[in-house]
2 protein chains.
Amino acid sequence: MQKKYLMIPGPTPIPPEVTLAMSRPMIGHRSGDFAKLHERVVAKLKQVFKTQNDIYILTNSGTGGMEMAVANIVNPGDEVLALSTGNFGERFAKIAKEYGAKVDLVDFGWGSAVDLKVVEEKLRQNPNYKAVLATHNETSTGVKNDIAGIAALTKNHRAVLIVDAVSSLGGMEFDTDGWGVDVVVTGSQKALMLPPGLAFISFSQKALEAAQDNKNPKFYFSLPAAKKALAEWNTAYTPAVSLFFGLEAALDLILEEGLDKVIKRHKLLARACREGVKALGLKLFPAEENASDTVTAVAGDNRYDPEQLRKVLRTKYGVTFAGGQKDLKGKIFRIGHMGYVDKLDIITALGALEMALLEIGYPVELGAGVKKAMEVITGGEV
Amino acid sequence: MQKKYLMIPGPTPIPPEVTLAMSRPMIGHRSGDFAKLHERVVAKLKQVFKTQNDIYILTNSGTGGMEMAVANIVNPGDEVLALSTGNFGERFAKIAKEYGAKVDLVDFGWGSAVDLKVVEEKLRQNPNYKAVLATHNETSTGVKNDIAGIAALTKNHRAVLIVDAVSSLGGMEFDTDGWGVDVVVTGSQKALMLPPGLAFISFSQKALEAAQDNKNPKFYFSLPAAKKALAEWNTAYTPAVSLFFGLEAALDLILEEGLDKVIKRHKLLARACREGVKALGLKLFPAEENASDTVTAVAGDNRYDPEQLRKVLRTKYGVTFAGGQKDLKGKIFRIGHMGYVDKLDIITALGALEMALLEIGYPVELGAGVKKAMEVITGGEV
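It should be emphasised that the depicted structure is a prediction, and the values quoted were computed from it without experimental measurement.

A. Representation of the overall build of chain A within the structure. Each helix and strand counted, chain A has 14 helices and 15 strands in total. Radius of gyration (C-alpha) of chain A: 21 Å, near the 21 Å computed for a compact globule of 382 residues. Dimensions of chain A, computed from the C-alpha atoms along their principal axes, are close to 60 × 55 × 35 Å. For chain A, buried positions account for 61% of its 382 residues. Across chain A, contacts joining residues at least 24 apart in sequence account for 73% of those joining residues at least 6 apart. Surface exposure of chain A reaches about 14200 Å², of which carbon and sulfur atoms provide 51%. Across chain A, 46 positive and 44 negative side-chain charges occur, with their mean positions spaced 3 Å apart.

What follows is the structure in C-alpha cells.
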C-alpha cells in the first residue's frame, strides 16, 4: 500500500471541497444558473487578480491563454520583446513568432532572472515594441521574475505587458492593477487548486485598445467573441461546467483564508523547503534571492543522480517530484508546493527526500532537513 | 488553510478507491446484484479473518457485534469469564451482565495485558464457564492481548471464546481458525478502512452449538435470523448498501497488497512511531512488549499536559490524536496508525508532535523523533 503524494509544480492536489463541488449534477451552459455562477466566479477572480479589468475564463490550458493574449494583440510584423528565463519564456516567444511577430528574444539563461537594466535599455532603444512578454514564475527553473519592476518600465511605453502568471497567481504576490500589468494569464491547475482545463486572462484598457482591428486569424481565442459573450455572463464556446463549480469552491477557500495569508503561507513553506534542502547539503538551482515561492528547483551534483532519486521517491514512498525540462533533464529536480499545501506537506516532502537520498547512497544525515524546516515553520507566522 | 490529519484509533482515513465505490448508484438490497456482492465480500472477508466459519455482516457498530455474540451465546445465569484490560474489556463484561450472565470479571488493569497464567487457573478452577470474553487490542490503552494463548486454553474447555478484534483485525496478526477463536467481532472503521456503520462477526461450530436454544430476547441481533438470510446471500434487515460497495473496494486493496504485507506494514509503522516517541523523551503508556500495532498510547508526565498538546496539534497543525478515556482522560494521548496509513504518515505525525511539543514548552530537540522513525523505516522491510 502506498499513498500518492503529488508534489510537482502542477497539476496540484485538489481540496475535497473542490472535488465535491465538481461532482454536482450537470447544468446547461446557456442556463440562468450558469450565468449567475459565471458572474460570481469572475467577481471572486478579480479579488485574486487584484484587478478591475475584465477577466475571461477559457476552457483550455494556460498555453491557450498565452496564445489568446498574443493572437489578439500582436499583428504580423509587430515587434515584440520576449524576456525569457526558461522553457515557458521560450514558449511565449514561439507563440509570438507563430503569429508573425518580429520577436526580439532576450534570453537571461535557465536559472537566472530577468535583469531590469537590460529591459530598461531595450525599451529605451526601441519605442516600437507592440508587446513585452514576461514570465512571472518560470516553472522550469524555479525562478521568479520582478513583474512589478518590468511593469514600471512598460507603463510609459507603447508596449502592452503580457505576463504568464500560470504558476504564480494565487500563490505569490501579484498586483495586476497596482503594478499596471496589461494582460495576465493563469491556469487552473496550479495555485488555484483545480484540475487542469481552465485558463484565466485579464485585459487592461491599454491592452483592449491594442487589440482593436487585430488582423490575425483566430476563432476559439477571439477576444471580441469572448467579450460579447461575457457581457451576458455567457462564454463564446462550451465551457467546462464542472470546473466552474470547482472554481467557485476553490476561490471561496482562498478568500476565506484571505489572499494575504495564502501568499504568506506560500512564502513560509517555500522558505522551509529551501532551508530543509540546503540543510541536507543540496544546492538550490537558482540564486536564492530569485527563488520561486511555489516551486523549489534543486541542482544535481556529482554525489547523486536526480532521476534515480525521483524513481526511488516514486516507487518506495509514493512521492512525485518533477524532473528537469529539456537541457535540465537529469540535472535538477523540482518540488512543487503551491495551492493546497500545508506545513506538514513540507515535512512529508523532506522526510521522503531524506530517506530516498539515504537509499541511493547520498551522504545524508537523517532528520537534518526536516529539523531545519520545522525550525522555520515554528519560527514563522502562518 | 489547514489540512486535516485524522490520526485516532478509528474512524480512520478512507482510501479514495473506497470513497469512489461508495458513490455508486444505490441498488435494492433484495436484488440479485446485492446478493452477488454479499457473496463476494463474505468470501473476501474470510481471507482476512483467516476462517472457514460463516461471517455475518451487520449494519451497526462494533458494539452491536459484541452484543450479538453475547446475546446469542449467553443464557441468563450462565457463568462468563471476562478478561478486561481497559474500557472495551469493561464494556464487554457489561453487555454480558445485561443479558443475565454471572460475570467473573478479571481486571488486569488499564495499561497491562491479560496474564495467561491467571486465565489458565480460572479455567481449571471452573469447568462451567459458558463463555470467555477477551479483547485482542484494547484501544483505550494501546495494549494487545495474546489471543492465540487464550484460545489454546479455551480449546479444551466448554467455554466459547468470544473476541473483540474491532481495532486489530486487518492490521494485526489474527488467525481465527489457526488459533481456534470461536467468535470474532470487528468493525468497519478501523483497519478495514471504511466509515463506521458495519460490524463483522464469525461463529465457529462450537459457538453455533452453544447458541442453540438461546433464551435471551433479541431481534436485530438474532443469529438464527442472520443465518437464515445468509443462506440466500441476504441480510435479515436492511443493510448499509453503500458501505458494502466500499467494503469490497477496501477488501480488494487489502488482498491486492497481501494480508501478510498489510500486517508487516502495521508492525513496522507502529515500531517507527514508538521509537520516534521515545526518542523525544516521552514514555509509552503500556510496557513495550504489550504495545499495540494499531494505536500507540503515550503517557503524560509532569513536563506537559496531553490535552494542551492535543489542542495545539488540532488547531495549529490540523492533526487529531486521541486523548485518554475515563480515568485516563488528561493522562495519556493516543496516536492511531491503522488501515490507510503509510510510512510518511508516521513522519507527519511525529513532525507535528515535535512542533506542538516545542510550542507548549516541552524540552524537545526538533527532528529527534522524526530522525529515529526514519531510521526504523529505512531499516525496515516494507
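Moving on from the coordinates now.
B. Here's a closer look at the interface of chain B and chain A. Residue-level contacts link 32 residues of chain B with 32 residues of chain A. Roughly 2800 Å² of surface becomes buried between chain B and chain A when both sides are summed, with 67% attributable to carbon and sulfur atoms. The largest per-residue losses of area from chain B upon contact with chain A belong to M1, K3 and L344 of chain B, which jointly make up 25% of the total buried on that side. Counting every contact that joins chain B to chain A gives 2 salt bridges. A salt bridge links D345 of chain A to K3 of chain B, with the shortest nitrogen-to-oxygen separation between them at 2.9 Å. Put simply, chain B and chain A have 13 residue pairs in polar contact (both at pLDDT 80 or more) between them. Elements with a minimum of two residues in the side of chain B that touches chain A: helix 12 (306-317), helix 13 (343-359) and helix 14 (368-379) of chain B.

C. Spotlight on the environment of K215 of chain A. All names here are of chain A. Considering the arrangement of structural elements, one finds K215 in the loop between helix 8 (205-210) and helix 9 (223-230). K215 sits in the exposed class, given a relative accessible area of 63%. Along the backbone, K215 and L161 are 54 residues apart, and their C-alpha atoms lie at a distance of 19 Å. Contacts of K215, omitting those with residues within four sequence positions, involve N75 and P76. Here D213 takes part through its backbone oxygen, which lies 2.9 Å from a polar atom of the side chain of K215.

D. Helix 10 (residues 241-257) of chain A, seen in detail. All names here are of chain A. Counted at 1.5 Å a residue, the expected span for helix 10 with its 17 residues is 24 Å, and the 25 Å between its end C-alpha atoms agrees. Most of helix 10 is tucked away, with 12 of its 17 residues classed as buried. Within the sequence span of helix 10, burial applies to V241, L243, F244, F245, G246, L247, E248, A249, A250, L251, I254 and E257. In this structure, the buried side of helix 10 is in contact with helix 1 (16-22), helix 2 (32-49), strand 2 (54-58), strand 10 (199-203) and helix 11 (259-279). Remark: G258 follows helix 10 within two positions and exhibits a positive phi of approximately 100 degrees.

E. Region of the structure containing the sheet that holds strand 8 (residues 160-164) of chain B. All names here are of chain B. Spatially, the 7 strands line up as an open sheet ordered 2-10-9-8-5-3-4, and their pairing is mixed. Either end of the sheet is taken by a strand with one partner, and the two such strands are strand 2 (54-58) and strand 4 (102-107). Each strand axis lies, on average, 15 degrees off the axis of its neighbour in the sheet, ignoring direction. Sheet topology places strand 3 (residues 79-84) next to strand 4; 6 bridges connect them, and they run parallel. Along strand 4, the bridge assignment pairs L83 with V106. In the packing of helix 9 (residues 223-230) onto the sheet, the strands contacted are strand 2 and strand 10 (199-203), and the crossing angle to strand 2 comes to about 105 degrees.

F. Summary view of the packing of helix 12 (residues 306-317) of chain A against helix 13 (residues 343-359) of chain A. Residues and elements named next belong to chain A. With their axes 9 Å apart at the nearest point, helix 12 and helix 13 run at an angle of 115 degrees to one another. Between helix 12 and helix 13, the angle falls in the class roughly perpendicular. For the crossing formed where helix 12 meets helix 13, the hand is right-handed. Contacts between helix 12 and helix 13 pair L309, V312, L313, K316 and Y317 from the former with A352, L353, M355, A356, L357 and E359 from the latter. Across the contact of helix 12 with helix 13, the residue classes tally to 9 nonpolar, no polar and 2 charged.

G. Structural view of the relation of the copies chain B and chain A. In the superposition of chain B on chain A (RMSD 0.0 Å, axial shift 0.0 Å), the rotation amounts to 180 degrees. The relationship between the two copies is best expressed as a two-fold rotation axis. Most of the interface of chain B is mirrored in chain A, where 100% of its interface residues again form contacts.

H. Summary view of the sheet that holds strand 3 (residues 79-84) of chain A. All names here are of chain A. Pairing is mixed across the open sheet formed by 7 strands, whose spatial order is 2-10-9-8-5-3-4. Each of the sheet's edge strands pairs with one partner strand only, and the pair in question is strand 2 and strand 4 (102-107). With strand direction ignored, the average angle separating the axes of adjacent strands in the sheet is 15 degrees. For strand 2 and strand 10, the ladder comprises 5 bridges, and the chain directions are antiparallel. Its bridge partner being in strand 10, I57 is matched across the sheet by F200. Lying on the sheet, helix 2 is in contact with strand 2, strand 9 (183-187) and strand 10; it crosses strand 2 at an angle near 115 degrees. Of the strands in this sheet, strand 2 and strand 10 touch helix 9, which is tilted by about 105 degrees from strand 2.

I. Seen up close, the nonpolar core. L282, L353 and L357 of chain A together with L282, L353 and L357 of chain B are the most contacted members of the largest nonpolar core, which totals 82 residues. Excluding residues within four positions of it along the chain, L282 of chain A makes contact with V277, V298, Y304, F333, L353, L357 and Y362 of chain A. Of all hydrophobic cores here, the second largest spans 53 residues; its members include F34, I147, L161 and V184 of chain B.

J. Looking closely at the UniProt feature "domain: Aminotransferase class V" (unreviewed entry) in chain A. Mapped onto this structure's residue numbering, the UniProt feature "domain: Aminotransferase class V" (unreviewed entry) falls at residues 5-325 of chain A. As a span, residues 5-325 of chain A carries 42% helix and 17% strand, and end to end its C-alpha atoms are 21 Å apart.

About the cut-offs
Residues numbered from 1 in each chain as written. Chains lettered and ligands numbered in written order. Predicted model: local features only at pLDDT ≥ 70, side-chain atom pairs only at ≥ 80, totals over all residues. Heavy atoms only, no water. Helix = DSSP H or I, 4+ residues; strand = E, 2+ residues; numbered from the N terminus. Rg over C-alpha atoms; globule rule 2.2 N^0.38 Å. Buried < 20%, exposed > 50% of the residue type's maximum accessible area, 1.4 Å probe, protein only. Contact = heavy atoms within 4.5 Å. Areas by Shrake-Rupley, 256 points an atom, 1.4 Å probe, with all protein chains shown as cover. Lys, Arg positive; Asp, Glu negative; His and termini not counted. Charge placed at Lys NZ, Arg CZ, Asp CG, Glu CD. Buried area = accessible area lost by both parts, 1.4 Å probe. Salt bridge = Lys/Arg side-chain N within 4 Å of Asp/Glu carboxyl O. Polar contact = N/O pair within 3.5 Å; in protein donor to acceptor, adjacent residues only side chain to side chain. Expected span 1.5 Å × (residues − 1). Pairing = 2+ DSSP bridges. Axes fitted to C-alpha atoms, helices over the stretch in contact; angles between N-to-C directions. Parallel < 35°, antiparallel > 145°, perpendicular 65-115°, else oblique. Left-handed = near helix turned anticlockwise from the far one by under 90°. Nonpolar A, V, L, I, M, F, W, Y, C, P; charged D, E, K, R; others polar. Least-squares fit on C-alpha atoms with pLDDT ≥ 70 in both. Core = buried A, V, L, I, M, F, W, Y, C linked by side-chain atoms within 4.5 Å. UniProt positions renumbered as here; feature names shortened; annotations may be inferred.

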